[in-house]
Each structure stands twice: as structure tokens, then as C-alpha cells.
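# Report on the structure
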Amino acid sequence: MTRIAPKAPCLCGSGKKYKACCGARVDNLVDLEAKRWQVLAGELQRRLIDYAESPVWESVRQQAMVDFFDEENPETDDYLWDSFIDWFLFDYRPMEKGSQGLISSFLAENKSTLDPRSASLLEGWAEAVISLFEVVELDGGRGLTVKDLLRSGKYEVTEPGILSRVEKKSLLVTRLLPVGNCHRFFMGATILPPFFKNPLLRMVRNDYHEFLELLGPGTKGGYNRYLREWGFELEAMVDFLAEQLSETAKGKENVPAFNLQGDAQIPELQVFVNEMMANEAHRQWIDLPLAELGGLSPREAMRNSEGSQKVERVLRRMTIHGTGKEVEARYDVKRLKKMLGLTRPEGLPSFAQFSWLEPSHRRVAELLDAEMARHRFTPEQIYSGLQMWHDFAEREKPRINKPGVWAASMIYAMARLELFDYQLTQQYLAGYFQVSAGSVSHNYNRICAALELKPFDSRYSSLEIPLDGMKDLLSLLLQAKSPQ
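Counting its regular elements, the protein contains 18 helices and five strands. The buried share of the protein, taken over its 484 residues, is 49%.

Written out as C-alpha cells, the structure is:
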């Protein structure tokens, strides 16, 4: 078909420009056809939501809510409920249906009464997954063009209402549904400024590599499968990054996406990075077998009073004579003592020494005590984690269905508190404790909200990080350093 320039004379001979003559009629026809598709899509979306919320799916929905929230009747706001319904419709696979999701079930049950257009839409929607998109074009008041940053492809999106809230290079976390020759959102989209791109992509790639490791060698992976099974983790990653930037980015425009290596010459940033590297070096020393301790590590020796006394003698020798190792700076003995809990005259209490309102709260504490040690948290961090769980349990009085969910959520909260280990993701912890990652995410958000947690919170952090005014931004920069 020959393309006619909008300002060229119309071929009908009217003397008008093509855009103001026959071209306008063509545009009107195209717009009308697109409008019909959008109206049809909107009606289907409403029917799907009614279907997911119908009494027919009550028992399945209750089980899905336990998987997603770890509660049969959780307290949810509109945002959490919409997130659950989105996941329930597109990604949940009821055991009763094998590998078939709810949209496929809806299509099978209604195929005889659905018109061909509706059936074709649903077939395309059944394959839709949440992904990360970047805005590449804004189309004069009608919509936008986005590209998928995790998979190949560019898509035109008909969502005029979003145009005032995005710009080129804005990021969207959303589920795109094909509608005719265009696309639309299902439950809206999370809009992010451009400087989220680098750190968020790094977090996603780390998570994806972990996903492939869990699948095992020879198992077919790919981002489509990852997003189908772990896609809801994107929102949790966004929440984490948003917390780190909440104060620093407030009121600022065009905040750059920092590259830690390129910006390492910023003096304040260099101090922060050095501090975090020193913390890791001290943490490694705690688990280093020492001849003075009979081949035990300081952590292992601290398990009884005799070993604790030996550790203190080692630390006194280090105070007087140094480490004897060729390093740029000696270990900070005060820091080592704090990590090991030796700065507390009364010692570090175990989970059994706390007062628990419910036996189930104590079971979570017992599990937390053991698993934090297994995951390389220092004794001081373990104590802080127990204190945090005690404070939360006293305040919120949670009903415990699965102790592992709460232990996983607490470990994730402690890891994020000090940027201790970016590999302790919600997905990893969910797999380790054999619970739902959605439940870990939900409980983590409850803990943060109830205790109003901040990075390096002085109530629970074992570290004293300098540069208070830059904590949030520097936390993000450190995360951006994570290997791909």
C-alpha cells in the first residue's frame, strides 16, 4: 500500500491536504475499530474479575490466599487485593486444574458463547506475564510505545490517562494485554523514574540466575518462565528500592542512575563503600578457624563460657599486637567485640530468655535463632533479629500458620536492614523454607510498616554507618554494585 504524506494534496482532487480530507476519514475508521477492541477488552476484564471473585472459586481462592498472604482472611487494602486477583487470574495454577490457569478455565467454560474476537483476546491474555518496560515514545495524547527490558519486543499501549505521568525512559512494571493491534494494562502499572533502571535490572538478573540454579541443569528456563513463576517479585524489588530512595529522591528531578565504579571518586561514597567492605572483612574473621581456639572459629568458640574467654584473650592480644597480617588496616577490635556480642556485660540472650505471648511466637523465634546463624548472621545481628521479632509480635500479635514464613520474612528484613547479603532474596528464602514468596513479601511489608523500619535502623542495626543524610541513596548505589 502506498503511504501518503499527511501534508500532500489529497488524491481525490479536492485541493485539500490529505490529512484534512480522505486521510481524516481513514484515521476515524482506524480509531473506531481500535475503540471497539478496547470496549470489548474492558468488558472482558470485568467478567474475568467477577469470575475470579465468584463463589465457584471460593475454596480454590481461599487456598490461593493462604499461599499468597499466609492467611485465609488477611487484612488487605485495594492495592493488595488487586495484586492478588491479578496473580490469581494469570499466574496461579490450581491443583484441580493441573497446569491450567483461571483464564484458560474461563475460556473453556464459555467458548461456545464467546464471539471470535473475545476468544482470540483471551487466548492471548492467558500467556501474558508481568514484566519491566521502558517508555520509548509518547504518541500525541493517544498512548505510548514501550519496550520490554527483559525480553525482546516493542509494544504500542493505548492508555491516554497515563501520558501526563510518564516521560521518555520512564519505567513501568505491569502486565500488558494484547488488544487488536495494540496493548493495554490489566490492573494498571507501577510507574518508576528512569534512574531506577540500572539497580532494578541488576536485582532482576541476580534473581533470574538464582531461579535457573533452582531449576537445575538441563531444565528449560528463559525469562518467560521466570516471569510466570516469579514475576510478582518485581513489585517487591521496586518496594525495596523505593524505600532506599524515599527521602533522597524526594523533590529532585533527573536524579542520575549511578554506576558505583564510575562514581567511586565521590569522597562520601568512597567512605561508605570502605565502611561496608570493612564490615564484611570483620564478618569473615568471625568465621575464620584460629589455632589459638583449637581450630574453631570465634563464632563457634563463643558457644560456651570457656570458648568465650579464649576469644576475649585473642582479641586482647590483637589490641596490643595487631593482627600480624599484612593488611592495609588492622581489624577494629571494638567492632569484632560488638559483632560477637562481647560488648554487652549481660551477654546476648537466647530466644528462650525472651517473654513470648504465644507458643507459636516462641517457635518462630527458635527457628529464627537457628537459621540466622546458619546464614552467617553475627551473634549481635541474631540478637537484634530476635529483638525485632519480639517487638513486632508484641505489637501486632500475628496469628501463625507457618512458622517458616515468618522466619523467612524476618531474615529478609534483617538482611535488607544492613545490606548484609543481596543473595538472601525473598525467592531464595521462600524456596529454603518451602513457603510462598508472596507470603514472605506480604509479611515483610507488615513488619516494615508496623515497626517503621529504616535502613540501618538504630534500634536493630549492629552497624553504625556514617553520612546519615546520604544513607538511602548510598544504599541504592551499593545494591547497584551487585554482580550480574
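The next subject is helix α6 (residues 197-215). Taking 1.5 Å of rise per residue, 19 residues should cover 27 Å, and α6 covers 27 Å from first to last C-alpha, within 8% of that figure. Those residues of α6 lying buried are P199, L200, L201, M203, V204, N206, D207, Y208, E210, F211 and L215. Just past α6, the residue G216 takes up positive phi, approximately 90°.

Here we come to the nonpolar core. In terms of nonpolar packing, the biggest core is built from 101 residues, with F84, F88, L89, L122, W125, M388 and W389 touching the most fellow members. It is helix α15 (residues 403-417) that provides the largest number of residues to this core, a total of eleven residues. F84 has contacts with R61, A64, M65, F68 and F69, leaving out every residue within four places of it along the chain. Counting residues in each nonpolar core, the second largest holds 15 residues, with V314, L315, M318 and V333 among its members.

Across the ten residues that make up strand β1 (residues 130-139), a large majority, seven, are buried. Pairing geometry for β1 and strand β4 (residues 171-179), over five bridges, is antiparallel. Bridge assignment links L132 to a residue of β4, and that residue is V173. Both β1 and strand β2 (residues 143-148) contribute to a ladder of six bridges, which runs antiparallel. Residue E137 lies in a different strand from β2, and its bridge partner there is T145.

For the pair helix α16 (residues 426-433) and helix α17 (residues 437-451), interaxial distance at closest approach is 8 Å and the crossing angle is 120°. If you check the angle between α16 and α17, you find them oblique. As α16 runs across α17, the sense of the crossing is right-handed. The segment α16 lies against α17, with Q426, Q427 and A430 engaging A437, V440, S441 and Y444. In the contact of α16 with α17, the residues fall into four nonpolar, three polar and no charged.

What follows is about the side chain of E235. On the secondary structure map, E235 appears in helix α8 (residues 233-245). Notably, E235 is buried but unbridged: the nearest opposite-charge side chain belongs to R175, and the N-O separation is 9.3 Å. Excluding its chain neighbours within four sequence positions, the residues that come into contact with E235 are Y79, V173 and T190.

The backbone of K397 shows a phi angle near 50°, a positive value even though the residue is not glycine. With relative accessibility at 54%, the residue K397 sits in the exposed group. Within the chain, Q434 stands out as a residue other than glycine whose phi angle is a positive 55°. By secondary structure assignment, the location of Q434 is in the loop between α16 and α17. Its relative accessible area of 74% is what places Q434 among the exposed residues.

This paragraph deals with the pattern of salt bridges. It is possible for side chains of opposite charge to pair when their charged atoms get near one another. What the rule picks out here adds up to 13 salt bridges. A salt bridge links K168 to E137; its shortest N-O distance comes to 3.7 Å. Placement of the pair is K168 in the loop between β3 (154-157) and β4 and E137 in strand β1, with a sequence separation of 31 residues. Among the ionic pairs, D457 bridges to R459, the shortest N-O distance being 2.8 Å. Looking at D457, the relative accessible area reads 8%, which means it is buried. Take R459: its relative accessible area is 40%, and that puts it in the partly exposed class. Each member of the salt-bridge network shares a partner with another, and the members are D86, D91, R175 and R228.

Running from N to C, helix α13 (residues 359-374) and α15 point in directions that differ by 50°, and their axes come no closer than 9 Å. One element, α13, and the other, α15, form an angle in the oblique class. For the pair α13 and α15, the crossing hand works out as right-handed. Packed against α13, whose contacting residues are V364, L367, L368, E371 and M372, the element α15 presents P403, G404, W406, A407, M410, I411 and M414 at the interface. Grouping the amino acids of the contact of α13 with α15 by side-chain chemistry returns ten nonpolar, one polar and one charged.

Turning to the packing of aromatic side chains, a few remarks are in order. Tallied over the full model, the rule gives 26 aromatic pairs. Between Y432 and F433, the aromatic rings sit 5.1 Å apart at their centres with planes inclined by 75°, giving edge-to-face as the arrangement. Cluster of aromatic residues (ring-pair linked, three or more members): F68, W81, F84, W87, F88, Y92 and F232. Between the NZ or CZ atom of R117 and the centre of the ring of W37, over which it lies, the distance is 4.7 Å.

Below, the discussion takes up the confidence of the model for the protein. Looking at the protein as a whole, its pLDDT mean stands at 76, while 74% of the residues score no less than 70. Per-element confidence in the protein is highest for β4, whose mean pLDDT is 92, and lowest for helix α18 (residues 471-480), whose mean pLDDT is 44. Across residues 24-30, confidence stays below pLDDT 50; counting only partners more than four residues off in sequence or on other chains, it has three contacts. Counting contacts from residues 466-484, a segment whose pLDDT is below 50, to residues more than four positions away or on other chains yields 54 contacts.

This part covers the environment of R61. Among the secondary structure elements, R61 is positioned in helix α2 (residues 58-69). The exposure class of R61 is buried, given its relative accessible area of 6%. The sequence separation of R61 and P94 amounts to 33 residues, and the corresponding C-alpha distance is 9.1 Å. Not counting residues within four places of it along the chain, the set of residues in contact with R61 comprises A52, E53, S54, W81, F84 and F88.

Now for the pairing of β2. In terms of burial, β2 is a largely internal element, five of the six residues being buried. With four bridges joining them, β2 and β3 adopt antiparallel strand pairing. Considered in β3, the bridge of K147 is made with K154. Hairpin geometry of β2 and β3 is characterised by an intervening segment of five residues between the two adjacent antiparallel strands and by a positive phi of about 125° at G153.

Cut-off values and rules
- Residues numbered from 1 in each chain as written.
- Predicted model: local features only at pLDDT ≥ 70, side-chain atom pairs only at ≥ 80, totals over all residues.
- Heavy atoms only, no water.
- Helix = DSSP H or I, 4+ residues; strand = E, 2+ residues; numbered from the N terminus.
- Buried < 20%, exposed > 50% of the residue type's maximum accessible area, 1.4 Å probe, protein only.
- Expected span 1.5 Å × (residues − 1).
- Core = buried A, V, L, I, M, F, W, Y, C linked by side-chain atoms within 4.5 Å.
- Contact = heavy atoms within 4.5 Å.
- Pairing = 2+ DSSP bridges.
- Axes fitted to C-alpha atoms, helices over the stretch in contact; angles between N-to-C directions.
- Parallel < 35°, antiparallel > 145°, perpendicular 65-115°, else oblique.
- Left-handed = near helix turned anticlockwise from the far one by under 90°.
- Nonpolar A, V, L, I, M, F, W, Y, C, P; charged D, E, K, R; others polar.
- Lys, Arg positive; Asp, Glu negative; His and termini not counted.
- Salt bridge = Lys/Arg side-chain N within 4 Å of Asp/Glu carboxyl O.
- Phe/Tyr/Trp six-rings, centres within 6.5 Å; stacked < 30°, edge-to-face > 60°.
- Lys NZ or Arg CZ within 6 Å of the ring centre and 35° of its normal.
- pLDDT = per-residue confidence, 0-100.

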